[in-house]
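Listed below, chain by chain, are the residues.
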2 protein chains.
Amino acid sequence: MTHPLFEKHQATLQGALQAIATRGYWSPYAEMPSSKAYGETAADDGKRAYEAHLGRHFELQQPGQTGWIGHEASPYGGSLNVRYPQCDHEALVAAGAAAMPAWQAVGAEGRTGICLEMLARLNQQSFELGHAVMMTTGQGWMMAFQAGAPHAQDRGLEAVAYAWREQSFVPAESTWEKPQGKNPPLVMKKQFEIVGRGVALVVGCGTFPTWNTYPGLFAALATGNAVIVKPHSNAILPAAITVATLRKVLAENGIDPNLVTLCVTDDRAVTQALATHAGIRSVDFTGSNVFGQWLIDHCKQAQVYAELAGVNNIVIDSTDAYKTMLGNLAFTLSLYSGQMCTTTQVIFVPANGIDTDEGHKSYDEVCADLGAAITRFLSKPEVACAVLGAIQSDATQGRIELANSGALGRVVLASQSIANAEFPNAAVRTPVLLACDAVDESAYMEERFGPISFVVKVADTAAGLALSERVVREHGALTVGLYSTRDEVIDAMTAATWRGKVALSINLTSGVFVNQSSAYSDYHGTGGNPSANASYSDSAFVANRFRVVQRRRHV
Amino acid sequence: MTHPLFEKHQATLQGALQAIATRGYWSPYAEMPSSKAYGETAADDGKRAYEAHLGRHFELQQPGQTGWIGHEASPYGGSLNVRYPQCDHEALVAAGAAAMPAWQAVGAEGRTGICLEMLARLNQQSFELGHAVMMTTGQGWMMAFQAGAPHAQDRGLEAVAYAWREQSFVPAESTWEKPQGKNPPLVMKKQFEIVGRGVALVVGCGTFPTWNTYPGLFAALATGNAVIVKPHSNAILPAAITVATLRKVLAENGIDPNLVTLCVTDDRAVTQALATHAGIRSVDFTGSNVFGQWLIDHCKQAQVYAELAGVNNIVIDSTDAYKTMLGNLAFTLSLYSGQMCTTTQVIFVPANGIDTDEGHKSYDEVCADLGAAITRFLSKPEVACAVLGAIQSDATQGRIELANSGALGRVVLASQSIANAEFPNAAVRTPVLLACDAVDESAYMEERFGPISFVVKVADTAAGLALSERVVREHGALTVGLYSTRDEVIDAMTAATWRGKVALSINLTSGVFVNQSSAYSDYHGTGGNPSANASYSDSAFVANRFRVVQRRRHV
């Protein structure tokens with residue numbers, strides 16, 4: 001008997017399966033915050049729902065609660081004053097493990113149906129989630145709505161589709177009949193049970209608390225595991241809203257809601273104890289190399305899926321669209337003040353300059369023109385504030401000051417503060433653009449998270465390609481780009497990205513940007529360079545989250 | 001244009017894909033060493049081909065050769081006197097890496113076709129491989145032929161089928177077209193390249209030099225990687241024959257044969273240097289917990305797929321077929337003198353005995369009856385020699401002596417030496433059966449590889465189930481079994497195996513044995529308990545051996 005929610009959401013599942021197979025554009029979740037898509041009252045309702053959380057205790061009815069915790073400060077100024085349950089992590093692990101057998105028993109169809117219902121319900125909360133993401137991360141509204149709600153839901157659905165596809169290959173049972181010559185055949189009945197690996201821990205980051213959390217969360221859930229979500233201490237609310245909805249959907253379907261819990265802690269030792277707990281069998285992590293590597297080194301009992309830092313880069317060889325190239329780059333460097341794991345940090349430009357449709361441009365001209373393009377793009381304060389958002393952390397502020405000081409390279413364009421009329425306490429900063437030489441590796445060859453980019457002078461295009469490949473191999477990258485009018489350069493860069501295992505964007509000049517990836521179509525991370533050991537999403541992201549346990553007997 | 005070998009072997013591939021999806025019985029490789037299947041002269045030709053290797057240098061034309069190495073001693077007595085190329089491991093890694101781009105370029109269809117051709121050619125060498133496996137491992141002839149040739153080929157083909165299935169999901173390219181309201185859509189062309197993770201190392205074991213090597217070898221190859229095969233120092237010849245054939249097929253198809261090489265070394269330090277080499281990106285290992293754990297702990301640069309030791313066990317609650325149960329167990333404990341990673345080591349029997357179709361049997365009666373069944377089964381020397389084979393290592397001999405001494409428990413049946421008429425120097429040993437109490441954990445709760453088994457007295461069936469589950473969780477197991485006439489006991493054991501993640505065989509009394517697993521149908525290992533972190537085969541065994549590298553540009 002098929003689970004009713006598996007039936008209900010069949011069209012969505014089939015759409016997602018088709019999309020991951022063909023990798024064209026597709027989404028069931030409207031990305032524009034429009035009343036047409038979400039209903040006349042959705043915007044107001046969602047804002048009110050968000051505001052209703054402020055200054056309140058966020059009830060979750062989780063086991064092992066010992067108190068209340070939480071002190072999120074908004075990058076837009078002020079405190080959210082939301083308090084979350086503080087729970088003994090041992091109690092959360094035990095409760096998750098206890099909830100797993102019933103989740104196993106509902107089967108892959110049941111789990112898939114319930115996960116699809118969760119995503120549909122989260123989609124209905126898109127405005128509420130958008131405001132929560134905006135105010136905790138400092139993203140501009142449009143980005144917070146899109147990346148925080150429908151695009152995050154897309155990445156969750158993508159993981160559910162992959163998980164379903166892999167699980168659907170495992171037959172519930174089979175009859176094995178082996179001929180024995182003239183004797184009767186050997187006949188056995190075999191049964192195959194999909195069993196979750198064990199309680200999963202999903203550690204969120206401060207900048208994309210839903211987009212980077214939903215893939216691991218839904219991949220683990222759909223494959224039969226309990227999940228403990230451990231949000232970044234400054235971006236708890238989007239995770240809490242998500243967990244509350246998931247718990248509600250579970251309870252509605254007769255599943256113990258403690259299958260999904262929220263673990264809020266300020267104490268790194270608690271996170272470490274949780275991550276290395278014998279009962280935790282997978283860890284999804286987005287964040288710093290230091291803690292990510294600690295997890296990989298120490299969580300021997302768990303599969304670790306980590307997205308870490310990298311040094312994203314672009315090689316400019318030549319272009320037949322100089323102006324739109326600069327415009328595309330200006331947007332990329334400005335969006336969310338470069339606080340994206342996919343933002344370009346290094347732009348390699350030949351010392352002798354580049355050929356363009358506007359004639360030859362020297363290295364210095366390229367630097368100056370890119371700086372001017374950024375300045376022009378951000379010239380209207382309301383556009384600037386909408387695109388830049390606010391600086392999420394003091395550490396990023398510090399990195400901006402360091403770059404502005406000239407200590408890392410010649411300042412082509414200094415970062416400036418911009419006043420945000422709506423949020424006077426928001427830290428709004430424009431990008432800082434630096435120029436340096438290829439030999440200045442200590443400056444540009446480590447991740448400097450935030451709106452800090454380098455135009456690096458290389459001997460020639462070949463040197464740029466080689467340096468790009470080395471950066472990817474040694475430091476990792478989620479994205480690289482190339483601008484060139486020459487096929488042989490495009491081919492050489494393509495081969496370099498195969499060796500270095502990084503996604504390549506070629507000659508982006510219009511409304512697609514190197515720092516954006518589109519669910520179902522673009523793999524986010526290859527899992528093959530130091531910036532990430534996994535990809536959103538591919539078969540490897542889901543296939544090892546469950547195991548098949550068989551039994552057999554004579555018929 | 002489809003690769004001709006992909007076309008040629010399409011029926012085999014489709015058969016394998018169907019088999020892994022339905023998990024019924026299937027094989028394209030005849031398991032009987034018959035002239036009908038393999039040709040009138042196959043037996044003689046194969047034996048001569050094997051004998052032609054003896055006392056000779058095994059030429060492979062590999063890079064970095066510095067000399068000759070090898071001194072395999074046959075468990076059947078005497079030395080093989082075959083010398084193999086000793087090659088600098090750095091040269092092998094470099095040559096493998098250099099061969100990979102062309103292997104990538106041939107694409108998933110080409111790689112799959114060439115792998116299928118390799119398997120077909122190995123199948124033609126089944127008699128040669130059977131003799132090589134027999135004489136290096138000490139397996140009896142029939143087992144050496146079957147497990148060493150067709151069944152190993154089945155496991156290789158199974159891995160190729162999984163690898164093809166996963167790779168076939170990745171489209172070569174797509175058109176991504178995103179609507180932009182009233183504006184023209186954004187249109188991008190995206191291309192997706194399947195790229196092998198990097199040079200693979202496959203470390204073989206001394207008892208199953210092909211069956212345990214082919215899954216990793218073919219999984220890595222089919223997904224685009226070079227492979228270095230590092231055989232056990234006493235079972236080199238089967239690996240060398242395999243590598244020579246693979247290199248021949250590669251060369252015939254215009255691929256650099258150095259894609260597949262043999263690394264023979266007696267020096268653990270060389271193996272360690274190879275396994276931790278920055279250029280080695282996956283390691284498949286079958287062998288001891290000590291070295292397996294070393295690999296898992298130290299090979300940070302590589303994916304490690306390890307099959308280690310475990311404590312396989314059976315719970316006897318009751319039976320309606322006492323005699324055939326004992327016969328089934330006697331065969332399991334005797335086959336290849338228990339030198340299988342799947343052989344039962346511990347049999348839990350309630351202190352109050354068991355109900356059977358022949359009346360109630362006390363614990364002591366079960367012990368004695370099982371001992372008698374083994375004695376009866378091995379009463380004819382020619383049957384005994386064919387089933388037992390020879391003891392593969394001195395360490396196993398030592399463990400037999402220790403068990404025979406009574407130091408590990410009461411000796412129900414002592415191991416005896418049997419003379420092998422054909423091979424007078426063969427070390428042929430019958431199983432030793434011990435009795436002990438559940439509290440004597442230090443005796444039975446570690447792997448004692450070889451023909452050493454314990455009938456462990458437990459308080460009752462429930463205690464046996466609990467102990468079985470704990471053994472699986474703490475020490476791992478590739479197989480567990482149950483004999484019971486009661487549904488509630490079967491259900492309880494089933495649930496325990498879901499928690500412990502181990503394959504269960506129920507009431508085996510005829511021609512299927514707990515230590516046998518059938519390719520395409522039985523998962524060998526679940527990858528979810530300490531005995532193995534991977535399974536032959538499932539999607540997880542192949543999906544992370546390749547990465548997808550995309551590129552995109554505006555149309």
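Look a little higher up for the structure.
Residues numbered from 1 in each chain as written. Chains lettered and ligands numbered in written order. Predicted model: local features only at pLDDT ≥ 70, side-chain atom pairs only at ≥ 80, totals over all residues. Heavy atoms only, no water.

S.K.: Please explain the relation of the copies chain B and chain A as it appears in this structure.
M.R.: Two copies of a chain can be linked by a rotation about an axis combined with a shift along that same axis. Its rotation angle being 180°, the transformation that places chain B on chain A also includes 0.0 Å of axial translation and leaves an RMSD of 0.0 Å. Expressed as a symmetry operation, the mapping of one chain copy onto the other fits a two-fold axis. Within chain B, Ala540(B) has its C-alpha nearest the rotation axis, a separation of 3.1 Å. With an isologous cut-off of 70% or more, the 100% of interface residues of chain B that recur at the interface of chain A puts this contact in the isologous class. (Least-squares fit on C-alpha atoms with pLDDT ≥ 70 in both. Contact = heavy atoms within 4.5 Å.)

S.K.: Where do I start with the sheet that holds strand S6 (residues 227-230) of chain B in this structure?
M.R.: Pairing between sheet strands relies on hydrogen bonds along the backbone, with the strands arranged either parallel or antiparallel. All names here are of chain B. On the basis of which strands lie adjacent, the open sheet formed by five strands has the order S7-S6-S5-S8-S9 and parallel pairing. Taken across any chain shown, the strands that pair with only one partner, and hence form the sheet edges, are strand S7 (260-262) and strand S9 (303-307). If you compare each strand with its neighbour and ignore which way they point, the axes differ by 15° on average. Strand direction decides the pairing type here: strand S5 (residues 199-203) and strand S8 (residues 280-286), joined by five bridges, are parallel. Within the sheet, the bridge partner assigned to Leu201 lies in S8 and is Val283. Strand contacts of helix H11 (residues 237-252): S6 and S7, with the helix running at about 150° to S7, the strand carrying the most contacts. (Pairing = 2+ DSSP bridges. Helix = DSSP H or I, 4+ residues; strand = E, 2+ residues; numbered from the N terminus. Axes fitted to C-alpha atoms, helices over the stretch in contact; angles between N-to-C directions.)

S.K.: Could you clarify how one ought to interpret the packing of helix H7 (residues 126-137) of chain A against helix H8 (residues 141-148) of chain A in this entry?
M.R.: Pairs of packed helices are described in terms of their axes, by the angle between the two and the distance that separates them. Residue and element names in this part refer to chain A. H8 packs onto H7 with a crossing angle of 120° between their chain directions and a minimal axis gap of 8 Å. Relative to H8, the element H7 lies oblique. Relative to H8, the crossing made by H7 is right-handed. Between H7, through Ser126, Phe127, Gly130, His131, Val133 and Met134, and H8, the contact on the second element is made entirely by Trp141, Ala144, Phe145 and Gly148. Taken together, the residues of the contact of H7 with H8 break down into six nonpolar, four polar and no charged. (Parallel < 35°, antiparallel > 145°, perpendicular 65-115°, else oblique. Left-handed = near helix turned anticlockwise from the far one by under 90°. Nonpolar A, V, L, I, M, F, W, Y, C, P; charged D, E, K, R; others polar.)

S.K.: Explain the interface of chain B and chain A to me, please; I cannot follow it from the model alone.
M.R.: The partner chain A presents 70 residues to the 70 residues of chain B that form the contact. The junction of chain B with chain A conceals about 5,900 Å² of combined surface from both sides, 54% of it contributed by carbon and sulfur atoms. Looking only at chain B, the three residues that lose the most surface to chain A are Trp498(B), Arg547(B) and Arg552(B), adding up to 13% of its buried area. Inspection of the region where chain B meets chain A yields 10 salt bridges. For Asp522(B), the salt bridge identified is with Lys190(A), shortest N-O distance 2.8 Å. Linking chain B with chain A are 42 residue pairs in polar contact (both at pLDDT 80 or more). Only helix H2 (10-22), helix H9 (150-168), strand S3 (173-180), strand S4 (183-196), helix H20 (487-500), strand S18 (503-506), helix H21 (539-543) and strand S19 (546-554) of chain B provide two or more residues apiece to the side of chain B that touches chain A. In terms of residue class, the side of chain B that touches chain A is built from 27 nonpolar, 25 polar and 18 charged. In terms of strand pairing, strand S20 (residues 503-506) of chain A meets S19(B) through three bridges, oriented parallel. (Buried area = accessible area lost by both parts, 1.4 Å probe. Salt bridge = Lys/Arg side-chain N within 4 Å of Asp/Glu carboxyl O. Polar contact = N/O pair within 3.5 Å; in protein donor to acceptor, adjacent residues only side chain to side chain.)

S.K.: How should I be thinking about the sheet that holds strand S5 (residues 199-203) of chain A in this particular structure?
M.R.: All names here are of chain A. Taking strand neighbours across the sheet as the criterion, the five strands line up as S7-S6-S5-S8-S9 in an open arrangement whose pairing is parallel. Each edge of the open sheet is held by one strand with a lone partner, namely strand S7 (260-262) and strand S9 (303-307). Across the sheet, the mean angle from the axis of one strand to that of its neighbour is 15°, orientation sign disregarded. Contacts from helix H5 (residues 89-105) reach S5, strand S6 (227-230), S7 and strand S8 (280-286), with the element oriented near 130° to S5.

S.K.: Just to check I follow, could you spell out helix H10 (residues 214-222) of chain B for this structure?
M.R.: An α-helical turn contains 3.6 residues, so any two residues separated by three or four positions project in the same direction. All names here are of chain B. Most of H10 is tucked away, with nine of its nine residues classed as buried. If you check which residues of H10 are buried, you get Tyr214, Pro215, Gly216, Leu217, Phe218, Ala219, Ala220, Leu221 and Ala222. At the exit of H10 stands Gly224, carrying a positive phi of roughly 105°. (Buried < 20%, exposed > 50% of the residue type's maximum accessible area, 1.4 Å probe, protein only.)

S.K.: Sorry, what's going on with the environment of Gly64(A) here?
M.R.: Residues and elements named next belong to chain A. Topologically, Gly64 is positioned in the loop between helix H4 (42-53) and strand S1 (65-69). Residue Gly64 is classed as partly exposed on the basis of its relative accessible area of 31%. As a C-alpha pair, Gly64 and Ile314 span 250 residues in sequence and 49 Å in three-dimensional space. Other than its neighbours up to four places away in sequence, Gly64 contacts Gln86, Cys87, Asp88 and Ala91.

S.K.: Before we go on, may I ask you to explain the side chain of Thr207(B) in this structure?
M.R.: Of note, Thr207(B) is situated in the loop between S5 and H10. Not counting chain neighbours up to four residues away, the residues in contact with Thr207(B) comprise Thr137(B), Gln139(B), Tyr336(B), Gln339(B), Gln392(B) and Phe449(B).

S.K.: Is there a simple way to explain the packing of aromatic side chains in this structure?
M.R.: Aromatic ring pairs are reported here in terms of the distance separating the ring centres and the angle at which the planes meet. Using the criterion set out here, one finds 45 aromatic pairs over all chains in the structure. With centroids separated by 5.9 Å and ring planes inclined at 85°, the aromatic side chains of Tyr25(A) and Trp176(B) adopt a geometry described as edge-to-face. In this pair, Tyr25(A) is assigned in the loop between helix H2 (10-22) and helix H3 (35-38) and Trp176(B) in strand S3, connecting two distinct chains. Given the relative accessible area of 28%, Tyr25(A) is considered partly exposed. Taking the relative accessible area as the measure of exposure, Trp176(B) reaches 5% and is therefore buried. Here Phe127(A) and Phe145(A) contribute two aromatic rings whose centre-to-centre distance is 4.9 Å and whose plane-to-plane angle is 50°, an arrangement assigned as tilted. Placement of Phe127(A) in helix H7 and of Phe145(A) in helix H8 is noted, with a sequence separation of 18 residues between them. Given the relative accessible area of 5%, Phe127(A) is considered buried. The exposure class assigned to Phe145(A) is buried, which follows from its relative accessible area of 0%. Each residue in the set Tyr38(A), Phe127(A), Trp141(A) and Phe145(A) is aromatic and connected to the rest through ring pairs, giving one cluster. It is Arg545(B) that lies over the ring of Tyr305(B); its NZ or CZ is 3.9 Å from the centre. (Phe/Tyr/Trp six-rings, centres within 6.5 Å; stacked < 30°, edge-to-face > 60°. Lys NZ or Arg CZ within 6 Å of the ring centre and 35° of its normal.)

S.K.: What exactly am I supposed to notice about the pattern of salt bridges here?
M.R.: Where charged atoms from two side chains of opposite charge come close, those side chains can pair. The final tally for this structure, using the stated rule, is 44 salt bridges over all chains. Across the pair Asp522(A) and Arg552(B) runs a salt bridge, and its minimum N-O distance is 2.8 Å. Of this pair, Asp522(A) sits in the loop between S20 and helix H21 (539-543) while Arg552(B) sits in strand S19, each in a different chain. This pair shows no difference in class: Asp522(A) is buried, exactly as Arg552(B) is. For Asp538(B), the salt bridge is made with Arg547(A), and the minimal N-O distance between the two is 3.0 Å.

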